[in-house]
Structures are given as C-alpha cells and as structure tokens.
Amino acid sequence: MKQEKVSATIAREPFAEGRLRKKKRLTSEEVWGTVFAVIPLLGLVFFSLAPMVISLISVFFDMRGFSFSNLEWNSFRHFKDLASDGMFWRSIGISLYLTSAQVISLIVALAVSMLLGQRLRGSKLFTVVFFIPYICSTVAISIMWKWMFNTNYGIINDILVGMFGEGARIAWMSDKNWIVPTLLIVMVWNMPGYGITLLNAAINNVNRTYYEAAELDGASKIRMFWSITLPAISPTLFFLLMVGIINGMQTFDIINVFYPSDWVLGGGTDNSAVSTVFYIYDTATRLVNMPFASLMSWVLFLIILVLSVFNFKFSDKWVSYD
C-alpha cells in the first residue's frame, strides 16, 4: 500500500512541477503586463485627469498669472461674467456654424464613396488621392489656402477676374461676409478623406446577395441605396457624425493660422472668425485669465456633451445595427 502511494506521488511530481513553472511564468507575464498598462494610465492621470480637476477648482478663484499660490475666492464672479459675455456666446454660434462643414464633408464623403463602390477602374488610386488632404499638416494646408485666397495675387481671385472681370475680385479673408465661408471651404476640402476611407470599407462589406435579390425584384438603384446601403452603413455614418460634431466645435488651428489673435479679437474681422476654442486660447494666453478660460472650457464641454447625448437618443430612429 505504501509502495503504491509513493509511486503515485512520483508520478504526479512532474505534472505538479510543470504547473508550478506555468504559474510562475504567468505571474511574470502579469507583472510586465501591469507595468506596461500603468504607463498610459499614469499619462492619463497626470496629463488629463489632474489638469481637469485643477481647472474645475480654479473657476471658483481669482488667479494672478499662472501661479496657484495666490488663489483668492471670487464668490462665483466668473460665472456672472460669463453669463454676460456676449463674445463667448457669439463664439458658440460661430463654432456651430463651422460645424456645418463637418456635415457637408460627410455628405461629400458619402457621395464619393458610393462612386468608388462601383468598383470602377482606378477606384483604389482615387481612394488614396482623396485621403491625402486628411493626413497632411493642417498648418501647411492652411498656409496653402491662405495664399490661394489672397485678395491681390491669390490664384482663386485670378481665376474669377479672368472669367468675370475685375469686379469679381473678393476679399476672402477680410470681408466679414466671406470669412466664415472661406474657412468652410478649407475645412470641406480637408476633411472628407477620413470619411471616404471608412464609408468605402463599410459599403464594400455590405452583403452582395441583398443587391442581387433586390435586382430580381426590380428595385431601382435609388431604392437599393435607401433600403440596403444606407441602413447597412448607418453605424459608420453615426460615428463620423459624432466625431465631426466634436471636432467642429473645437475648431482652432485653421483660424489661428489664417488670422493673428490681436486682429481677430481687435475688430479686424468684426469678430466673425472667433470660434469658442480660439476665444478660450486667447483668454488664457494673451489675457492671462486661466480661471475664466477654464470655465469657458467646461461650458463648451457641457454643450458638446448635450449634443452628443441628443445624437445618441436620436440615433434610434435611423441607425440600424442588424
């Protein structure tokens, strides 16, 4: 009996030793996995969460310069100033106006994707060509368009003058009636590439048997688009719409390249190019009023949050996940 127990113990020892080694190896992997996972978490805490908390606290205080050593309670004065700050609320309207460029870009991306989805010769090349503006530097693109829109020697005015005469010359970047449309043109030219790439992939993934069955039933191309293609790609459209609204409400870089801050806010454009983020940036840097800039940032965050929640609620009526 004892001999059988000893034999059984000896037989189990290699397996037991193997389990211990496996357990030790898994523990080592977990340690390294935790180390690599902690690194981005630390970045999130120190560079995102901590500044958010500090900015939220600062809105209740007055602060001289960028030092937190001289904080003084302000009895909610910044909230009262913001409620009566007409320039801030005007900037919200301008940002919403600029956000329309995202919607136009989405429509353009959908139309181009439908054409590319016909699998015509050279469609892959055109997909790459349309994506190039999206990956280019926004600063470089803005400088290029700034030269093109120049009133005296820009190529766009040269074309207009050549076609319609000298009276067709437009002050694209100084006429308050053309400032925002000029920015919209640049944004619409720059943004569809990302949407074209995603929508083209979504269209190509639609089950082709649906189209074959629709053709047998005598459905037209328009009917197939509304009944098959659009529901199938609606989740991608919803994602692009959400991202577009968020990016549109945070428009800053194009304006910052096109116009100097002191000219935009000094009346040079009749305040027609002051987006919300541009106004926040100017308040924080040129006016050195970090608490007030922080409050405006939180209000902008709440506006974007409300728009996002509204879109999620409304998405039930048109987004299909079947």
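Residues numbered from 1 in each chain as written. Predicted model: local features only at pLDDT ≥ 70, side-chain atom pairs only at ≥ 80, totals over all residues. Heavy atoms only, no water.

## Description of the overall build of the protein
For clarity, the threshold we go by: Secondary structure counts use DSSP, requiring at least four H or I residues in a row for a helix and at least two E residues in a row for a strand, with both numbered from the N terminus. A 1.4 Å probe rolled over the protein chains alone gives each residue an accessible area, and that area as a share of the maximum for its type sets the label: buried under 20%, exposed over 50%, partly exposed in between. It only takes one pair of heavy atoms within 4.5 Å for two residues to be counted as in contact. Where accessible areas are quoted, they stem from the Shrake-Rupley method and a 1.4 Å probe; at the residue level, only the protein chains shown are allowed to cover.
Along the backbone of the protein there are 14 helices and two strands. Every one of the 322 residues in the protein was classed for burial, and the buried ones make up 35%. Sequence separation of at least 24 residues holds for 67% of the intrachain contacts in the protein that already meet a minimum separation of 6. Total accessible area on the protein stands at roughly 19800 Å², and carbon and sulfur atoms take up 67% of it.

## With respect to the nonpolar core
Quick note on the threshold: Each nonpolar core is a collection of buried residues, namely Ala, Val, Leu, Ile, Met, Phe, Trp, Tyr and Cys, held together in the definition by side-chain atoms within 4.5 Å.
Counting residues in hydrophobic clusters, the biggest one holds 44 residues, and the most contacted among them are Leu 98, Phe 149, Phe 258 and Tyr 259. Among the secondary structure elements, those contributing two or more residues to this core are helix H3 (86–116), helix H5 (138–148), helix H6 (155–164), helix H7 (179–190), helix H10 (221–249), helix H11 (253–258), helix H13 (276–285) and helix H14 (290–314). Core analysis: the next-biggest nonpolar cluster, separate from the first, contains 19 residues, Ile 196, Leu 199, Leu 230 and Leu 237 among them.

## Regarding the environment of Asn 74
If you trace the backbone, Asn 74 turns up in the loop between strand S2 (72–73) and helix H2 (77–83). Sequence separation between Asn 74 and Asp 62 is 12 residues, and the spatial gap between their C-alpha atoms is 5.9 Å. Apart from residues lying up to four places away in sequence, Asn 74 is in contact with Val 59, Phe 60, Phe 61 and Asp 62.

## Observations concerning the packing of helix H4 (residues 123–135) against helix H8 (residues 192–204)
Between two packed helices, the angle of one axis relative to the other and the distance separating the axes together describe the packing. Rules: Convention adopted: a line fitted to C-alpha atoms gives each axis, helices being fitted over their contacting stretch, and angles between N-to-C directions are expressed from 0 to 180 degrees. Note that the term roughly parallel is reserved for angles under 35 degrees, roughly antiparallel for angles over 145, roughly perpendicular for angles of 65 to 115, and oblique for everything else. Three classes are used, and their members are as follows: Ala, Val, Leu, Ile, Met, Phe, Trp, Tyr, Cys and Pro are nonpolar, Asp, Glu, Lys and Arg are charged, and the others, Gly among them, are polar.
Running from amino to carboxyl end, H4 crosses H8 at an angle of 140°, the nearest separation of the two axes being 7 Å. Taken together, the axis directions place H4 and H8 in an arrangement best described as oblique. Here H4 contributes Thr 127, Phe 130, Phe 131 and Tyr 134 to the contact with H8, which in turn contributes Gly 193, Tyr 194, Ile 196, Thr 197 and Asn 200. Tallied by class, the residues present in the contact of H4 with H8 amount to five nonpolar, four polar and no charged.

## Description of the pattern of salt bridges
Stated precisely, the cut-off is as follows: Salt bridges are defined by distance alone: a side-chain nitrogen of Lys or Arg within 4 Å of a carboxyl oxygen of Asp or Glu.
Summed over all chains, the structure comprises four salt bridges. Across the pair Asp 81 and Arg 77 runs a salt bridge, and its minimum N-O distance is 3.2 Å. Taken together, the positions of Asp 81 and Arg 77, both in helix H2 and four residues apart, correspond to about one turn of that helix. Relative accessible area serves as the criterion here: at 31%, Asp 81 is assigned to the partly exposed category. A salt bridge links Arg 286 to Asp 282, with the shortest nitrogen-to-oxygen separation between them at 2.7 Å. With a relative accessible area of 1%, Asp 282 lands in the buried category. When salt bridges with common partners are traced through the structure, they connect Asp 62, Arg 77 and Asp 81 into a single cluster.

## Details of unusual backbone geometry
A positive phi is found at Phe 76, a non-glycine position, where the angle reads about 60°. Within the fold, Phe 76 resides in the loop between S2 and H2. You can call Phe 76 partly exposed: its relative accessible area is 42%. A positive phi angle, close to 50°, is found at Val 288, a residue other than glycine. Structurally, Val 288 is set in the loop between H13 and H14.

## So, H10
Stated formally: One fewer than the residue count of a helix, multiplied by 1.5 Å, yields its expected span. The quantity called bend is, for any residue, the angle between two axes fitted respectively to the seven residues ending at it and the seven beginning at it.
A rise of 1.5 Å per residue sets the reference length of H10, with its 29 residues, at 42 Å; its end C-alpha atoms lie only 36 Å apart and thus fall more than 12% short of the reference. Along H10, the helix axis deviates most sharply at Ser 234, where the bend reaches about 55°; the proline Pro 235 sits within four residues downstream.

## What to know about the side chain of Asn 74
Keep this limit in mind: Each polar contact in these results corresponds to two N or O atoms within 3.5 Å; when the atoms are within protein, one needs to be able to donate a hydrogen and the other to accept it, and residues that are neighboring in sequence are counted only if both atoms are side-chain atoms.
Note on Asn 74: relative accessible area 6%, which makes it buried. Reaching out from Asn 74, the side chain makes a polar contact with the backbone nitrogen of Phe 76 at a distance of 3.1 Å.

## Remarks on the packing of aromatic side chains
To be explicit about the condition: We call Phe, Tyr and Trp rings a pair once their centres come within 6.5 Å, taking the six-membered ring for Trp, and we label the pair stacked below 30 degrees between planes, edge-to-face above 60, and tilted otherwise.
Using the criterion set out here, one finds 23 aromatic pairs in the structure. Relative to Phe 76, the ring of Phe 60 has its centre 5.8 Å away and its plane inclined at 85°; by these criteria the two rings are edge-to-face. Placement of the pair is Phe 60 in the loop between helix H1 (2–58) and strand S1 (61–62) and Phe 76 in the loop between S2 and H2, with a sequence separation of 16 residues. Among the aromatic residues, those joined into a cluster by ring pairs are Phe 60, Phe 61, Trp 73, Phe 76 and Phe 79.

## Observations concerning H13
Burial analysis of H13 places seven of its 10 residues in the buried class, which makes it a mostly covered element. Those residues of H13 lying buried are Thr 276, Phe 278, Tyr 279, Ile 280, Asp 282, Thr 283 and Ala 284.

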